[in-house]
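Next come the chains, spelled out residue by residue.
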Amino acid sequence: MEKKKVDLGVAAVGAGKAAADLLNKAKKTVASAVDQNDDGTFDLKDVSAMAENISAAAKKAVASVKDSADARAQEQERKTLGPIFEDDLVGADFFMPKLIRITDMDRKHAESEVCRGSIGYKSTQKELTIVNIYKDKAELFGLTFFPDMEREIYYVDPVDRNQYIALDDYFESLKVARINELQKIAQDLGARHFKVTYKEQQTAHVAKNGKGAGHVKGPVKAAAAVDVKHESSESSSFSVEIAAEMTCPGHAPKKPQLVYLQKEKSIQSLIDLRMDKESPLTHQKYTLKLSNSSGIREGDAMKIDSALKSMKCAGHISVTSEARKEAHRFFEYEIDF
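On a predicted model such as this, the values are computed, not experimentally measured, just so you know.

**Q** So what exactly am I meant to see when it comes to the packing of aromatic side chains here?
**A** Aromatic ring pairs are reported here in terms of the distance separating the ring centres and the angle at which the planes meet. For the structure on display, the rule yields five aromatic pairs. Between Y170 and F171, the aromatic rings sit 5.8 Å apart at their centres with planes inclined by 80°, giving edge-to-face as the arrangement. Like F171, Y170 is buried. Taking the centre distance of 6.1 Å and the plane angle of 55° together, the rings of Y198 and F331 count as tilted. Of this pair, Y198 sits in strand β8 (residues 193-208) while F331 is found in strand β13 (residues 329-336), placing the two residues 133 residues apart along the sequence. Side by side, Y198 and F331 carry an identical accessibility label, which is buried. An aromatic cluster is built from Y155, Y170 and F171, whose rings are joined through pairwise contacts. Seen from the ring of F95, K122 lies directly overhead, with NZ or CZ sitting 4.3 Å from the centre. Lying across the ring of Y198, K175 places its NZ or CZ 3.8 Å from the centre.

**Q** Looking at this structure, I do not really get the confidence of the model for the protein. What am I missing?
**A** When pLDDT drops low, the exact placement of atoms in the prediction is not to be read closely. A residue-level look at the protein finds 70% of positions with pLDDT of 70 or above and a mean pLDDT of 81. Counting contacts from residues 1-13, a segment whose pLDDT is below 50, to residues more than four positions away or on other chains yields zero contacts. Here residues 214-228 is modelled with pLDDT under 50, and outside its nearest four sequence neighbours on either side it reaches 17 contacts, counting other chains as well.

**Q** What am I meant to see in the pattern of salt bridges here?
**A** Oppositely charged side chains are able to pair whenever their charged atoms sit close together. Scanning all chains against the criterion turns up 19 salt bridges. One salt bridge connects E150 with K135, and the closest N-O pair in it is separated by 3.3 Å. In this pair, E150 sits in the loop between β5 (144-146) and β6 (153-157) while K135 sits in the loop between β4 (128-134) and β5, placing the two residues 15 residues apart along the sequence. For E150, a relative accessible area of 57% gives the class exposed. Assessed through its relative accessible area of 33%, K135 is described here as partly exposed. The shortest N-O distance in the salt bridge between D169 and R151 comes to 2.6 Å. Placement of the pair is D169 in the loop between β7 (160-166) and α4 (170-188) and R151 in the loop between β5 and β6, with a sequence separation of 18 residues. A network of salt bridges, in which partner residues are shared, links R178, E200, E322, K325, E326 and R329.

**Q** In this structure, what is going on with the sheet that holds strand β2 (residues 99-103)? I would like to understand it.
**A** The strand order across the open sheet formed by seven strands is β1-β3-β4-β2-β6-β7-β5, and the pairing between neighbours is mixed. Either end of the sheet is taken by a strand with one partner, and the two such strands are β1 (83-84) and β5. Bridge count between β1 and strand β3 (residues 120-125): two bridges; the pairing is antiparallel. Bridging from a neighbouring strand, P83 pairs with Y121 of β3. In this fold α4 packs onto β5, β6 and β7, with an angle of close to 120° to the strand it touches most, β7. Strands β2, β3, β4 and β6 of the sheet are contacted by helix α6 (residues 298-310), whose axis makes an angle of about 55° with β4.

What counts as what
- Residues numbered from 1 in each chain as written.
- Predicted model: local features only at pLDDT ≥ 70, side-chain atom pairs only at ≥ 80, totals over all residues.
- Heavy atoms only, no water.
- Phe/Tyr/Trp six-rings, centres within 6.5 Å; stacked < 30°, edge-to-face > 60°.
- Buried < 20%, exposed > 50% of the residue type's maximum accessible area, 1.4 Å probe, protein only.
- Helix = DSSP H or I, 4+ residues; strand = E, 2+ residues; numbered from the N terminus.
- Lys NZ or Arg CZ within 6 Å of the ring centre and 35° of its normal.
- pLDDT = per-residue confidence, 0-100.
- Contact = heavy atoms within 4.5 Å.
- Salt bridge = Lys/Arg side-chain N within 4 Å of Asp/Glu carboxyl O.
- Pairing = 2+ DSSP bridges.
- Axes fitted to C-alpha atoms, helices over the stretch in contact; angles between N-to-C directions.

What follows is the structure, encoded as structure tokens:
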């Protein structure tokens, strides 16, 4: 059989064309992938466009990181400064603590972006949360202040969550409120006569004689040892004050509404006895301990004093001292029907 001759020149030309076609296809694929300006070719303009795209992406990534860092910094600043806004007052998680302060906006809150438009701020001092209210925004909180709003530190009224009493007037204010309530109870129950006597037990340290070692100074060269007598003890006395007394014509009883004395069992018993028509009550006398109806216990008082010291609020009463005195204060309540 005769073999077919192959023209190597023609074959070479064909192979070259196929290779060129393959190269052109590859070039078009690459060009379409990197052609940035849609002109069908890959040139210096495309390189420039790619650089711009990469730069824009990098800038966007940097901006995103910066925004995230700024957001974290603002959140930390918000936690540190604790701004309160008007919308916060209606939030389910917002509550007013027992201790509040009326103040002006300080510099760090005034210069902070996160505090812009705030009406006060929360702070924590020695285990106590305190709401600091800007004086010119106080009406937004819907609170009442006794005796006025000209003081700095206030503590919540024990029976009215929306009323705050100036801390320096706190114990005296509640004393007067309870005396007034005892008077109202007597009037409602139809008393012919009642008297409220305020008593405060006062303790003093008294020095007495005893023996001990001591020295005396004199013209002698050496001090002479002598016996020194000393001893101390406590003595108690009461200061007594007629806080209220009244004589009335008397009338059929009506049940009084208790406010500050609602937890006093002896007062509840008095009302029940007087309202019992089958066992008419003619005379009764009670001793009421003021600390039973006081709004500040000694443990709380110590925390308040510690917080005030940390806040450098000078010139206020010692709440701890007043709370301790309250434990030695009494009302003697005598009533006739």
